[in-house]
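Listed here are the chains, written in short residue letters.
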Amino acid sequence: MARKAYSFVRTFAPEPDRALCVDRHYLLCASAGALRLEAQGQAWLLPPARAALIEAGRPIRVSIPRPVTTASVLFDTAFTPALPAPLTVFDLNPLARALVNECGAWGESDEPLTAYGETLFAALAAVTWRLAEQPSPVVVPAGRSPELRRALRLTEQRLGSEVRFEDLADEVGLAPRSLARRFEAETGTTWRAVLRRMRVVRAIEELAAGDTPITTIAFMTGYTSLSAFNTAFRDLTGRTPTEYRASFRP
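Residues numbered from 1 in each chain as written. Predicted model: local features only at pLDDT ≥ 70, side-chain atom pairs only at ≥ 80, totals over all residues. Heavy atoms only, no water.

**Observations concerning the overall build of the protein**
Each helix and strand counted, the protein has nine helices and ten strands in total. Expected size for 250 residues packed as a compact globule is a radius of gyration near 18 Å; at 19 Å, the protein falls within 12% of this value. Dimensions of the protein, computed from C-alpha atoms along their principal axes, come out at roughly 60 × 35 × 30 Å. Residue burial in the protein is summarised as follows: out of 250 residues, 47% are buried. Looking at the protein alone, contacts between residues at least 24 apart form 76% of all its contacts between residues at least 6 apart. By element, 52% of the accessible surface of the protein is carried by carbon and sulfur atoms, the whole surface being about 12100 Å². If the 30 positive side-chain charges of the protein are averaged to one point and the 27 negative ones to another, these points end up 4 Å apart. (Helix = DSSP H or I, 4+ residues; strand = E, 2+ residues; numbered from the N terminus. Rg over C-alpha atoms; globule rule 2.2 N^0.38 Å. Buried < 20%, exposed > 50% of the residue type's maximum accessible area, 1.4 Å probe, protein only. Contact = heavy atoms within 4.5 Å. Areas by Shrake-Rupley, 256 points an atom, 1.4 Å probe, with all protein chains shown as cover. Lys, Arg positive; Asp, Glu negative; His and termini not counted. Charge placed at Lys NZ, Arg CZ, Asp CG, Glu CD.)

**Quick look at the state of the cysteines**
Using the criterion set out here, one finds zero disulfides in the structure. Free cysteine C21: the closest other cysteine sulfur is in C29, separated by 19 Å. With no disulfide of its own, C103 has C29 as its nearest cysteine by sulfur position, at a separation of 10 Å. Exposure remark for C103: the relative accessible area of 0% places this residue in the buried category. (Disulfide = S-S within 2.5 Å.)

**Side note on the sheet that holds strand β1 (residues 5-12)**
Pairing within the open sheet is antiparallel, and its five strands lie in the order β1-β8-β3-β6-β9. Each end of this open sheet is capped by a strand with a single partner; those strands are β1 and β9 (87-91). Strand-to-strand, the axes of this sheet are offset by a mean angle of 20°, without reference to chain direction. As paired elements, strand β3 (residues 25-32) and strand β6 (residues 50-54) share four bridges and run antiparallel to each other. Its bridge partner lying in β6, Y26 is registered against I54. Docked against the sheet, helix α2 (residues 115-131) engages β1, β3, β6, β8 (68-75) and β9, running at close to 100° with respect to β8. (Pairing = 2+ DSSP bridges. Axes fitted to C-alpha atoms, helices over the stretch in contact; angles between N-to-C directions.)

**Structural notes on the packing of helix α3 (residues 146-157) against helix α6 (residues 191-209)**
The interhelical angle for the contact between α3 and α6, taken along N-to-C directions, is 50°, at an axis separation of 10 Å. With respect to each other, α3 and α6 are oriented oblique. In this structure, the crossing between α3 and α6 has a hand that is right-handed. Only W191, V194, L195, M198 and R202 of α6 make contact with α3, whose side of the interface consists of L152, T155 and E156. When its residues are assigned to classes, the contact of α3 with α6 shows five nonpolar, one polar and two charged. (Parallel < 35°, antiparallel > 145°, perpendicular 65-115°, else oblique. Left-handed = near helix turned anticlockwise from the far one by under 90°. Nonpolar A, V, L, I, M, F, W, Y, C, P; charged D, E, K, R; others polar.)

Encoded structure:
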């Protein structure tokens, strides 16, 4: 009989998005680098400071923009209580990260957990289930229609330069007014609001990837001043870029 819970620690090279569906509740997170998660018409970036709690049997798509080391945990559905929601992305606190790290010694195996191991995974479930009750606001829409998905993809590719909505509309074959209505219908917000979120998400990716100066990251993500970047970052995450980077560093 497989373990009631086990850890999945592995390093991956960059790879495009692929479908993933597992038969256990899945705590998906990284100890180094960042994962991209897409599900339910939305997309998230998962640096070490953030995790996704995914219901067993729930299909998702995962991509790896840069080399990443996963530090994920899979729970048998009979071992844990019901999830707060089918899929939630949330920030990890130091206790949760320490528990994930400690669970790393317990990989997939047919050998049963020891009493210590069972207590450890149960504690991790209790902590992360509680954290999942407060979802992270750092999310961007994925889009449903081909036109909107392409517009989102083009926007993301041009974050470091001037992005004109009229140019995007022309490239996806829609009038600007029609594309604006498409954004409102499929995402519930405007293209400019999505652009701001994409820039912050890209900044988080850069913060997780290495030690690039924060001023450089601000310009890389399309901001013309550090103060404007700091304000946008704090408005979405509740922290400054420096505080955010420190949250997932030893």
